[in-house]
Amino acid sequence: MIKFALQLNHAYCHQMRKLKQMCSTFTSLTLITLLQQPVKADPISASRHTAIVNAVQTAQPAVVSVHVTTQVRRLRPYRLRDPFMEFFSPYHYLIPENSEYPSTGSGIIFNNAGYILTNDHVVGGPTRNKRKITISLPEPDGRVLEAKYIASDIGSDLAILQVTAESLPVAPLGDSDDILVGEWAVAIGNPFDLGPTVSIGVVSGLDRDFPQPQGEHYYRDMIQTDAAINPGNSGGPLVNADGHVIGINSFIYTGGDYSIGSIGIGFAIPINTAKQFLSEVQKHGQVRRAWSGIIALQNISQRLAKYLGLDSKEGALVARIAAGSPADEAGLESGDVIVAINGEKMRSGEEALGVLMSLRVDDECFLSVIRYGSPTLLMLQIAEWPQERQGW
């Protein structure tokens, strides 16, 4: 009996050891299986990496803050504090002094050679005044570099700077002919000198033309966006959801003469217009000054329209052309009324001048003209401004 009990106890212990080994093996296999399974990401965390975030990460490293300090020599009025002298000469004396005027804006590095695209009104265009231009890259790079002015085009409000440095980030340039109204638009820049700032919106409209010049600049075929653009954003890029630059932010409507902030109506120069400017500078080292030979254009009043036998006041009256100029060779005459350029109706002299200013040397355009009540079509080829007129 005792022998049977010992055998039974031995068998029980043996079975328990086997069961323990099996449990240990099962636990190890389960643990290995769990470790090999991929960890599922938090859906909220994953949703943060949107197309907009990816676009900003693509373009923002190449967006720079531009700081310009221009030294201007001015004459300051000064009065002698001598009653005797003031009695005989009560006028101010003019004392020359140097003043520094700082300004800020944005720019975009578009190639590995350190070339930066920005607005002409950010850098002040070609000038004889002394100026210092520096650019600062966003963090984590954070480098501050001195920039060299290369060229600008006052008419289209574009300029090129260059910095000398290694390992510069570059933003990809897109195609502004492939833009959809309603697609995402991201404005990146340095508003109010706060540093790199991003705002988002949509492409609100395309081909916006402004007949009246904005200062010295003529804006045509502009991209409209409701992405917030403020002072300091000028020269910075407008990018799409792929992170490709589709425009150069340039100006805004503010809703009043005493307001400077964004109200959701901003405008960017199409990047394809900027590409034409870059190509011109690359080939010729500067923007060649275009010359049509039309010296003066005039708006048409109601009385003038009646005198000329016109049905409306729309169009531009040619007041004067230069002899031997492209306009003269094309057959244009003083007294002609330009009603369309390349099929686009002209509403005023300012609008026609803006279209002509946007043309490059060697460009051809067709002028729809009314002469003595009869329509005429002329072909005008833009030439380079003659050397003997460069001082005009």
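All chains use their own residue numbering, which begins from 1 and follows the written sequence. Residues qualify for local features only when their pLDDT is at least 70, as the model is predicted, and side-chain atom pairs are given and counted only at 80 or more; totals for whole chains, interfaces and linings, by contrast, use all residues. Side-chain descriptors were evaluated using all non-hydrogen atoms of the structure, hydrogens and water having been removed beforehand.

### Let's talk about the pattern of salt bridges
Cut-off, in case you're wondering: When a carboxyl oxygen of Asp or Glu lies within 4 Å of a side-chain nitrogen of Lys or Arg, that pair is called a salt bridge. Helix and strand labels come from DSSP, where a helix needs a run of H or I of at least four residues and a strand needs a run of E of at least two; each type is numbered from the N terminus. For every residue, the accessible area (1.4 Å probe, protein chains only) is compared with the maximum for its type, and the residue is labelled buried under 20%, exposed over 50%, or partly exposed between those bounds.
Summed over all chains, the structure comprises nine salt bridges. Here Lys345 and Glu314 are joined by a salt bridge, their closest N and O atoms 3.6 Å apart. Residue Lys345 is found in strand β17 (residues 344-345), and its partner Glu314 is found in the loop between α7 (302-308) and β15 (316-321); the two are separated by 31 residues along the sequence. Residue classification places Lys345 among the exposed residues on the basis of a relative accessible area of 56%. Note on Glu314: relative accessible area 35%, which makes it partly exposed.

### Structural notes on the nonpolar core
What counts, and what does not: Among buried residues, those of type Ala, Val, Leu, Ile, Met, Phe, Trp, Tyr and Cys that are joined through side-chain atoms within 4.5 Å constitute a nonpolar core. We call two residues contacting when some pair of their heavy atoms lies within 4.5 Å.
Of all hydrophobic cores here, the largest spans 45 residues; its most connected members are Val66, Ile108, Leu117, Ile135, Ile248 and Phe277. A total of five residues in this core trace back to one element, the largest contributor, which is helix α6 (residues 271-284). Once residues lying within four places of it in the same chain are set aside, the contact partners of Leu117 are Gly107, Ile108, Phe110, Leu158, Ala159, Gly235, Ile248, Ile271, Ala274, Phe277 and Leu278. Among the nonpolar cores identified, the runner-up in size contains 20 residues, and Leu332, Met346, Ala352 and Leu356 belong to it.

### Some thoughts on a nonpolar patch on the surface
The condition that has to hold: Patch membership requires over 30% relative accessible area and the absence of a salt bridge. Like charges are linked within 9 Å, and nonpolar side chains (Val, Leu, Ile, Met, Phe, Trp, Tyr) within 5 Å. Note on areas: Shrake-Rupley with a 1.4 Å probe; residue coverage comes only from the protein chains shown.
Taken together, Trp184, Val198 and Ile200 make up a surface patch of nonpolar side chains, about 280 Å² in accessible area. With respect to the helices and strands, the residue Ile200 is situated in strand β8 (residues 197-208). According to the relative accessible area criterion, Ile200 is partly exposed, its value standing at 45%.

### Side note on the confidence of the model for the protein
In regions of low pLDDT, the predicted coordinates are not meant to be interpreted in detail. This is how the line gets drawn: The pLDDT value expresses, per residue, how confident the predictor is, ranging between 0 and 100.
In this model, the protein carries an average pLDDT of 80, and 79% of its residues clear a pLDDT of 70 or more. Within the protein, helix α1 (residues 2-36) has the poorest average pLDDT of any element, 52, and strand β10 (residues 237-239) the best, 94. Predicted confidence for residues 1-6 stays below pLDDT 50, and this span has zero contacts to residues more than four positions away or in other chains.

### Some details on the sheet that holds β10
Using the following cut-off: At least two bridges found by DSSP between two strands is the condition for calling them paired. Every axis in this analysis is a line fitted to C-alpha atoms, fitted for helices over the stretch in contact. Angles between the N-to-C directions lie between 0 and 180 degrees.
Reading around the circumference, β7-β8-β9-β12-β11-β10 is the order of the six strands in this closed barrel, with antiparallel pairing throughout. Across this sheet, the average inter-strand angle for adjacent strands is 45°, counted without regard to direction. Note: strand β7 (residues 184-189) against β10, two bridges, orientation antiparallel. Bridge pairing in β10 places Ala187 opposite Leu238. On top of the sheet, helix α3 (residues 51-59) reaches β7, β8 and β10; it is set at about 40° to β7, its chief contact. In this fold α6 packs onto β11 (245-252) and β12 (266-270), with an angle of close to 45° to the strand it touches most, β12.

### Examining unusual backbone geometry
Residue Pro140 is bonded to the preceding Glu139 through a cis peptide linkage, with omega at 10°. Secondary-structure assignment places Pro140 in the loop between β4 (130-136) and β5 (144-153). In this model, Asp157 sits at a positive phi of 60°, which is unusual for a non-glycine residue. Residue Asp157 is classed as buried on the basis of its relative accessible area, which comes to 0%. A positive phi angle, near 55°, is found at Phe192, a position not held by glycine. Topologically, Phe192 is positioned in the loop between β7 and β8.

### Observations regarding the environment of Asp157
Let me state the cut-off plainly: N or O atoms within 3.5 Å of each other form a polar contact, as long as, within protein, one can give a hydrogen and the other can take it, and as long as residues adjacent in sequence are counted only when both atoms are side-chain atoms.
Residue position: Asp157 is located in the loop between β5 and β6 (158-162). The spatial distance from the C-alpha of Asp157 to the C-alpha of Ile248 is 9.9 Å, given a sequence separation of 91 residues. Among residues more than four places away in sequence, those in contact with Asp157 are Thr118, Asn119, Asp120, His121, His217, Tyr219, Ser250 and Ile269. In this structure the side chain of Asp157 is engaged in a polar contact, spanning 2.8 Å, whose partner is the side chain of His121.

### Some points on the packing of aromatic side chains
Heads up, the condition is: Note on aromatic contacts: the rings of Phe and Tyr and the six-membered ring of Trp form a pair at centre separations within 6.5 Å, being stacked when their planes are under 30 degrees apart, edge-to-face when over 60 apart, and tilted otherwise. For a lysine, the NZ atom is tested; for an arginine, the CZ atom; a charge sits over a ring if that atom is within 6 Å of the ring centre and within 35 degrees of the ring normal.
Inspection of every chain in the model, using the stated rule, returns four aromatic pairs. Among the aromatic residues, ring-to-ring pairing joins Tyr219, Phe251 and Phe267 into one connected group. Above the plane of the ring of Tyr149 lies Arg131, whose end atom (NZ or CZ) is 4.5 Å from the centre. One Lys or Arg, Arg289, reaches over the ring of Trp385 and ends 3.9 Å from the middle of that ring.

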